[in-house]
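Structural characterization, general
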Amino acid sequence: MKHQYHIGLSVMIAILVIIADQFTKWIIATQMTIGESFTVIPHFLAITSHRNSGAAWGILSGKMTFFYIVTILILIALVYFYIKEAKDHLLMQIAISLLFAGAVGNFIDRLINGEVVDFVDTKIFGYDFPIFNVADSSLTIGVILLLFVLLTDSKTKDEVR
């Protein structure tokens, strides 16, 4: 049986996400001052120019060397996981591509600026969610898809036994 990888699709997804991420960050960084905000949907969505020198919620702020090392290790692990585990599984390949693109998008910011440009500012059921960007969204969607794939595949394997 020939194993199938959808490398073209995976690369295209990753490139499109990285371009969208970097382009939107460039617009925010060049057209807005830090802290500037405008409402898109009242009480739900705003575009706010923000910088983050840490991870989600500002965790490990300023620890750039740590982020460089961890990101490189994660990217290597994602490529390995793609090659070893994602053959014949398009949804898993898409999930890994989204994870890869999100990691690269924020890595580029950290390398060039020493911080990440964030701008999507949401309030969900009254909770002021941390400001994020396209790369963060790609990472989140990738994690959700990967969990879905892993959970449904393990259920399928359990049912076969």
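The numbering scheme is per chain: residues are counted from 1 as the chain's sequence reads. Per-residue local features are limited, in this predicted model, to residues with pLDDT of at least 70; the limit for side-chain atom pairs, both in listing and counting, is 80 or more; totals at the level of whole chains, interfaces and linings are taken over all residues. The basis for the side-chain values is all heavy atoms of the structure; hydrogens and waters are excluded.

1. Quick look at the packing of helix H2 (residues 64–85) against helix H3 (residues 90–113)
We count it as follows: Note on definitions: angles span 0 to 180 degrees between N-to-C directions of axes, and those axes are lines fitted to C-alpha atoms, for helices only across the stretch in contact. Starting at the N terminus, helices and strands are each numbered in turn, a helix being any DSSP run of H or I of at least four residues and a strand any DSSP run of E of at least two. Should an angle fall under 35 degrees it is called roughly parallel, over 145 degrees roughly antiparallel, and 65 to 115 degrees roughly perpendicular, with every other angle called oblique. The hand of a helix crossing depends on one turn: near helix anticlockwise from the far one by less than a right angle means left-handed, and clockwise means right-handed. Whether two residues are in contact is decided by their heavy atoms, any of which lying within 4.5 Å being enough. As a working rule, the residues Ala, Val, Leu, Ile, Met, Phe, Trp, Tyr, Cys and Pro are called nonpolar, Asp, Glu, Lys and Arg charged, and the rest polar, with Gly in that last group.
For the pair H2 and H3, the least separation of the axes is 10 Å and the interaxial angle reads 160°. One way to sum up the angle between H2 and H3 is to call them roughly antiparallel. The chirality of how H2 crosses H3 is left-handed. Taken together, the residues of H3 that come into contact with H2 (itself represented by Met64, Phe67, Tyr68, Thr71, Ile72, Leu75, Leu78, Val79, Phe81, Tyr82 and Glu85) are Met92, Gln93, Ile96, Ser97, Leu99, Phe100, Ala103, Val104, Phe107, Arg110 and Leu111. Residue composition of the contact of H2 with H3, by class: 17 nonpolar, three polar and two charged.

2. A look at the sheet that holds strand E3 (residues 116–124)
Selection criterion: Whether two strands pair comes down to DSSP finding at least two bridges between them.
Judged by pairing direction, the sheet is antiparallel, and its four strands sit side by side in the order E1-E2-E3-E4 without closing on themselves. Looking along the sheet, the strands with just one partner apiece sit at the ends: strand E1 (37–41) and strand E4 (127–128). Running at roughly 90° to E3, helix H1 (residues 7–31) makes contact with strand E2 (45–52) and E3 of the sheet.

3. Some words on the UniProt feature "active site" (unreviewed entry) in the protein
Stated precisely, the cut-off is as follows: UniProt positions are given in the numbering used here, feature names are shortened, and annotations may be inferred rather than shown by experiment.
Here, the residues flagged by UniProt with the feature "active site" (unreviewed entry) are Asp118 and Asp136. Spanning 19 residues, the named residues form one tight spatial group whose C-alpha atoms are at most 8.9 Å apart. Summarising the element assignment, Asp118 is placed in strand E3. In this view, Asp118 contacts Thr48, Ser49, His50, Asn52, Ile131, Phe132, Asn133 and Asp136; residues no more than four positions away in its chain are not counted.

4. Some details on the environment of Tyr68
Selection criterion: Partly exposed describes any residue whose relative accessible area lies between the buried limit of under 20% and the exposed limit of over 50%, with all areas from a 1.4 Å probe on protein chains only and scaled to the type maximum.
Residue position: Tyr68 is located in helix H2. By relative accessible area, Tyr68 is classed as partly exposed at 25%. Once the C-alpha coordinates of Tyr68 and Arg110 are considered, the two residues, 42 residues apart in sequence, prove to be 7.9 Å apart. In this structure, Tyr68 is in contact with Phe107, Arg110 and Leu111, ignoring residues within four places of it in sequence.

5. Examining H1
How we decide: The span you would expect from a helix comes to 1.5 Å times its residue count less one.
Over its 25 residues, H1 extends 36 Å from the first C-alpha to the last, a length consistent with the 36 Å expected when each residue adds 1.5 Å. Residues of H1 that are buried: Ser10, Ile13, Ala14, Val17, Ile18, Asp21, Lys25 and Ile28.

6. Looking at the side chain of Asp21
Mapped onto the fold, Asp21 is located in helix H1. Accessibility expressed as a relative area gives 1% for Asp21, which makes it buried. Setting aside residues up to four positions removed in sequence, Asp21 forms contacts with Gly105, Asn106, Asn133, Val134 and Ala135.

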